[in-house]
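Chain by chain, the residues:
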Amino acid sequence: MRLTVIGCGYVGLVTGACLAAAGHEVHCTDIDEKRIEQLKAGKVPIYEEHLDEVLKRAAAEKKIFYTSDAGEAIRSGEVIFICVGTPPKETGEADLSAIDHVARQIAREARTPKLVVEKSTVPALTGVQLQKALGAYSRDGAVKFEVASNPEFLREGTAVGDFFHPDRIVVGVENEKSATVMREIYNPILQRKFHCPVHAGKCPNGAPGELLVTTINSAELIKHASNSFLALKISYANVISDLCERIGADVEEVTRAMGLDPRIGTQFLKAGLGFGGFCFPKDIQAFIHLSSSMGVEFDMLKAAERVNKQRIDRFFEKIHKALWVIKGKKVAVLGLAFKANTDDIRFAPALDVIRRLLDEGAEVHATDPEAISRTKPLLPAVKYHEDPYQALKGVDAALVCTEWQIFRNLDWEKAGRTMARRLVIDGRNLYSPRKMQELGFDYHSFGRLNR
Ligand code: UGA
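Attention in this report is confined to the structure presented alongside it. For every chain, the first residue of the written sequence is number 1, and numbering continues from 1 along that sequence. Local features in this predicted model are restricted to residues of pLDDT 70 or higher, and side-chain atom pairs are both shown and tallied only at a pLDDT of 80 or more, whereas totals for entire chains, interfaces and linings draw on every residue. Note that water and hydrogens are dropped before the side-chain values are worked out from all heavy atoms of the structure.

1. Here's the deal with the overall build of the protein chain
Now for step 1: When you go through the protein chain residue by residue, the secondary structure sums to 19 helices and 14 strands.
Now for step 2: Only C-alpha atoms enter the radius of gyration, while the globule expectation follows 2.2 Å times N to the 0.38, with N the number of residues. At 24 Å, the protein chain has a C-alpha radius of gyration in line with the 22 Å of a compact globule built from 451 residues.
Now for step 3: In terms of principal-axis extent, the alpha carbons of the protein chain reach across some 75 × 50 × 45 Å.
Now for step 4: Each residue's exposure class comes from its accessible area (1.4 Å probe, protein chains only) as a fraction of the maximum for that residue type: buried when under 20%, exposed when over 50%, partly exposed otherwise. Put simply, the protein chain has 451 residues, and 54% of those count as buried.
Now for step 5: Working definition of accessibility: Shrake-Rupley area with a 1.4 Å probe, residue cover restricted to the visible protein chains. For the protein chain, the computed accessible surface area is about 20,300 Å², with 52% contributed by carbon and sulfur atoms.
Now for step 6: Under this rule, positive means Lys or Arg and negative means Asp or Glu; His and the chain ends count for nothing. Every charge is mapped onto a representative atom, which is NZ of Lys, CZ of Arg, CG of Asp or CD of Glu. Placing the 61 positive and 59 negative side-chain charges of the protein chain at their respective mean positions leaves the two points 2 Å apart. Strands are runs of DSSP state E lasting at least 2 residues, helices are runs of H or I lasting at least 4, and numbering of each runs from the N terminus.

Below, the structure written as structure tokens:
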């Protein structure tokens, strides 16, 4: 099938690349001409594991094309995936101006009927507005548009694997015709008819994900309800962790035992610095805003958001207690990205930590395997090091902010020899408290017993 992807950010590129790998012909466009030129030259503008190889293969097989001419891209596809950003406004409400702009563009440029699919995360009832805008701006009402909602459940860092091996594919449609089209698009994924770069052709045998056909309103709600629930889970674990510290219990023992109940599940119960990234913080805000505008006060979510914001305060309580005065101290920050395996620093807790350290007069040395170049322009006062051991040289304390594997594997005996003081405050619970103590470290983490 011929598909169009509007918006070549992380969601658009993963969607375009994987649908091309599934055998469709994909035409991608973006308002950012530089980005399109980069893509045409074979450069991937974001770091996402396996994405470059999927894009390279799709380009070689002439399955993916890039153009900065939105009209041309719109006319090329039978189905148009809208993958533009929906950033938060000051109020927490999602800014839908990019979606609105694209809707008017599609209405103006299309010459044949199109199925227009919302892939961007949008608040419920956006589909209704989208349908209205497409109708209002269409050339004499001559071209017919259908709307569908197909929320993505991709995690940054494992997005390609998530796309190829989904737990579920949700398609919200207005009629059976659109459902059939969406099924046709995703059939190669469900039937595993693609080259999987994650498992090198040997994908696990488990049952393929389920394709769920719902109404558009339900599909929109499923996305927000899922992300918000996961955010709730993390905040819940963080409150339990605070309680463990007061009571003298161990959060890992508690959450592991809780999670073994299949009704709860072990995932997303890791205590620490809390959630960041461009999804949870903004989605939770947008959901609170949407609920309130519908007359439903989602107090639970407000609490989860508040708990998450306070994680940085909790971290600083630990830093102050262990390091005492921050002013004039040399501090290493391990990790800038909001989580491991991505270069994304949007709403990253590490950046809030660094800002506060700088405000309090620390000399900050930071390291991250992927996110240094993105952080540098935002925080020029920080000294950056590719090598974590260089970042740790002569520091009074090391603060762990991202759960990268290379930090898990650090040789602390080696690092400790060059640190001014063996002090580690771990915001991601990466190390065994007992082992760190055996190495002579004053070691602090979240909610765990020091044994
Ligand atoms: C999230 C969802 O997991 C995806 O399903 C969804 O499609 C995506 O948002 C989206 O809306 O596009 P993502 O933001 O990439 O994906 O990251 P997650 O892996 O969910 O992690 C979010 C944050 O929570 C990270 O800062 C992570 O460090 C933190 N986290 C996660 C915890 O603090 N504790 C945990 O137990 C798990």
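The structure having been displayed, the exposition proceeds.
2. Brief notes about unusual backbone geometry
Now for step 1: Within the chain, F268 stands out as a residue other than glycine whose phi angle is a positive 60 degrees.
Now for step 2: Relative to the elements of secondary structure, F268 occurs in the loop between α10 (251–259) and α11 (280–293).
Now for step 3: At W324, a position not held by glycine, the phi torsion is positive, near 70 degrees.
Now for step 4: Looking at the secondary structure, you find W324 in the loop between α13 (311–323) and β9 (330–334).

3. Describing the packing of helix α9 (residues 216–247) against α13
The axes of two packed helices give the description: the angle between them and the distance between them.
Now for step 1: Relative orientation of the contacting elements α9 and α13 amounts to 25 degrees, with a least axis distance of 12 Å. On the basis of their axis angle, the class for α9 and α13 is roughly parallel. You can see that α9 and α13 cross each other, and the crossing is left-handed. Between α9, through N238, S241, D242 and E245, and α13, the contact on the second element is made entirely by R311, R314 and K318.
Now for step 2: For the contact of α9 with α13, a count of residues per class yields no nonpolar, 2 polar and 5 charged. Axis definition: a line fit to C-alpha positions, over the contact stretch in the case of helices; interaxial angles, taken between N-to-C directions, run 0 to 180 degrees. Oblique is the label for any angle not covered by the other classes, which are roughly parallel (under 35 degrees), roughly antiparallel (over 145) and roughly perpendicular (65 to 115). The hand of a helix crossing depends on one turn: near helix anticlockwise from the far one by less than a right angle means left-handed, and clockwise means right-handed. The contact rule is simple, with two residues in contact once any of their heavy atoms fall within 4.5 Å. Think of it as three bins: nonpolar holds Ala, Val, Leu, Ile, Met, Phe, Trp, Tyr, Cys and Pro, charged holds Asp, Glu, Lys and Arg, and polar takes everything else, Gly as well.

4. Regarding the sheet that holds strand β13 (residues 423–426)
Now for step 1: Should DSSP find at least two bridges between two strands, the strands are regarded as paired. Within the open sheet, the 6 strands sit side by side as β11-β10-β9-β12-β13-β14. Their pairing is parallel. At either margin of the open sheet sits one strand with a lone partner, and together these are β11 (383–384) and β14 (442–444).
Now for step 2: Examined bridge by bridge, strand β10 (residues 363–367) and β11 share 2 bridges and lie parallel to one another. Across the sheet, residue A366 finds its bridge partner in β11, namely Y384.
Now for step 3: Contacting β9, β12 (397–400), β13 and β14, α13 runs over the sheet at an angle of about 170 degrees to β13.
Now for step 4: The sheet strands contacting helix α14 (residues 349–359) are β9, β10 and β12, and the helix crosses β10 at an angle near 160 degrees.

Geometric descriptors of this kind do not, in isolation, establish any biological role.
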